[in-house]
Each structure stands twice: as structure tokens, then as C-alpha cells.
Amino acid sequence: MKQRVITALLLTPLAIALILLAPSVWFGVVIAALCLLASWELTRLAGMRSRPVRAVLVTLCAVAFVLLWLGADSTAGWITIVAGCVWWLVAFFWLKHFSFGAAPTREHVALKLIGGALVVLPAWTALMQLHRGQTAPHTWPLYALMLIWAADTFAYLSGRRWGTTKLAPSISPGKTIAGVYGALVGSGVVALVGGWWLGVRDFALIGLVVLALITVCFSVVGDLFESMLKRHANVKDSGTLFPGHGGAFDRLDGVFAALPFFALGKHLLGL
């Protein structure tokens, strides 16, 4: 726990400064690097054992980032984001059938690799849409990430205090229904205060809070989806990049699921 807290205290100010102040191109490069690390971990969780093949897949992901950056002003970016939202709806139903895909067959590995692409690429594209849509300080991407960070914190606190009923014991025994309620309440307050601070008012603010709650719900789906993959792969963490926190995918699982919904919802709300 001590190592986990120290890592968080060191990384959080750096992350906030990067989000708010970095030019979008450099921000995109840093986030792409984290996403590529997560992709490397994800290929292992998917059951791909060959390192050369994994390296090729991660390289293809990097090429996709470049193409998405170049086509950010076209419909390709929004198609990618919508595809990510559709994938997470599919993943939600996959969680209800936990054992599906557990066997390390070629078909299941291929399915997880395709799913991995739909985890990483839409999330990066969504975050770039939020970041490129503003000049510094880039408050909207920070707002979106603060929702997820707040949800994680309040889920931990409420789950520890009141958590008795498990949310999905076969997938992630530590998560509780009380934790989800805490995440929704805490992130709802952050959404309301943050939205007001960003100048959103009246019905638009109500819509933003509703969007925030939907976003947080899918961050939980993302967290559970990674837990399911780790169960299938029989590993505790996706990697060891962050001391006390695990790998890049461990830190970004909820973010990957939440960002496409937030970016799409913000666009539809006209914010």
C-alpha cells in the first residue's frame, strides 16, 4: 500500500501538468506510448505467446495511431470512437458469460486481440479529440479523467466501509456493489462541480452529469473486462510498469472503456 501511494503521489502532478499544458502532438505521443505498453501487455493476456508476433501487432497499433492522428478531422476518428462504444457494449454481455473465451484456442486468442484493438484505439482517439478541441489549458480531457479517478477513489472508500455484497465474485472478488454506488455518487459530485466550473449551465449541466454517470458505469465494465482477461490468463497483474499498481493496462483499463463514451456524449451534447 505504501508503495502504491508513493507512486500515485509522484505520477498525479506530472499527469495533470501534461494534460493541461502539453501541446496536443506531444501529449498524443506520450499517451500513445502508454497505450502501446498496454497493448503489449494485452497481447500476452490474450494468449499470444510469440514475442515477434506480439511486436508486429504493437507496431501495427502504432501505425494506426499515426493514421488516426492524420485523419483526426475526418469521419474516421468518430467511426473509431463509435466502434469502441459498440465494443464495450459487447464486452458488457461477455462479462455475463465469464467462461466464454477462457480456453486458449486460436479463435479465442484472435477474438481477444481484435477486442484489444477496439479497447486501445478508440480510447486514444477519444482523448485526442478532447485534447485537440481546446487550447491550453486543456480542461476537458482533465475533466474526463478526473471523473474516472474520482470513481476509483470513492469506489475504494465506500467498498471498504460498506462493501459486503460482491459485484462479480467470479471475475473480481474485491469489487462490491457498494463500491459502484460510491463511485457513482462521488463522480456525480465531481461532474456537477467540475461542469459548473467549466461554465456549463442549466440543462446542459444536467446532461453532462448524466453523461458522467454513464461514463463511470463503463469504466467499471472496463475494469471488470481486464479482470476477466487476467483470470483467463491466470495472472495477477498485466505488468510491472508502476510499482504497487501493476502494468499500464492495470492503470488504464477503466479509462479505455470510459473515454469513447465521454467523447461521443460531449460531442452529441454540443459542449
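Scroll up a little and you will see the structure.
Presented here is a report on the structure given in the accompanying data block. (Residues numbered from 1 in each chain as written. Predicted model: local features only at pLDDT ≥ 70, side-chain atom pairs only at ≥ 80, totals over all residues. Heavy atoms only, no water.)

1. Observations concerning the packing of aromatic side chains
Step number 1: Counted according to the given criterion, the structure contains 12 aromatic pairs.
Step number 2: Here Trp94 and Phe225 contribute two aromatic rings whose centre-to-centre distance is 5.7 Å and whose plane-to-plane angle is 65°, an arrangement assigned as edge-to-face. Here Trp94 is found in helix H4 (residues 75–95), whereas its partner Phe225 is found in helix H8 (residues 202–233), with 131 residues between them in sequence. For the pair Trp94 and Phe225, one class covers both residues: buried.
Step number 3: Aromatic side chains Trp140 and Phe262 sit 6.3 Å apart centroid to centroid with 45° between the ring planes, which places their arrangement in the tilted category. (Phe/Tyr/Trp six-rings, centres within 6.5 Å; stacked < 30°, edge-to-face > 60°. Helix = DSSP H or I, 4+ residues; strand = E, 2+ residues; numbered from the N terminus. Buried < 20%, exposed > 50% of the residue type's maximum accessible area, 1.4 Å probe, protein only.)

2. Things to note about the nonpolar core
Buried together is how nonpolar side chains tend to be arranged in soluble globular proteins.
Step number 1: Judged by nonpolar contacts, the single largest core of 63 residues is most densely connected at Trp88, Val119, Phe225, Phe256 and Phe262.
Step number 2: When contributions to this core are tallied by element, the ones reaching two or more residues are helix H1 (2–21), helix H2 (24–45), helix H3 (51–70), H4, helix H5 (106–132), helix H6 (139–162), H8 and helix H9 (248–269).
Step number 3: Beyond its immediate stretch of four places on either side in the chain, Phe262 contacts Leu130, Trp140, Tyr143, Ala144, Leu147, Leu208, Leu211 and Thr215. (Core = buried A, V, L, I, M, F, W, Y, C linked by side-chain atoms within 4.5 Å. Contact = heavy atoms within 4.5 Å.)

3. Considerations on the environment of Gly265
Step number 1: Position of Gly265 relative to the elements: it lies in helix H9.
Step number 2: Sequence separation of Gly265 and Leu167 is 98 residues, and the distance between their C-alpha atoms is 26 Å.

4. Details of unusual backbone geometry
Step number 1: Here the residue pair Ala136 and Pro137 is connected by a cis peptide bond, since its omega of 0° sits within 30 degrees of zero.
Step number 2: Relative to the elements of secondary structure, Pro137 occurs in the loop between H5 and H6.
Step number 3: One non-glycine residue, Asp202, lies in the positive phi region at around 55°.
Step number 4: You can see Asp202 is positioned in helix H8.
Step number 5: The exposure class of Asp202 is exposed, given its relative accessible area of 63%.

5. Some points on the environment of Arg161
Step number 1: One can find Arg161 in helix H6.
Step number 2: Spatially, the C-alpha atom of Arg161 lies 8.7 Å from that of Ala178, the residues being 17 residues apart in sequence.

6. Some points on the side chain of Lys266
Step number 1: On the secondary structure map, Lys266 appears in helix H9.
Step number 2: Those residues within four positions of Lys266 in sequence are excluded, and the remaining contacts are Leu130, Trp140, Leu211 and Leu271.

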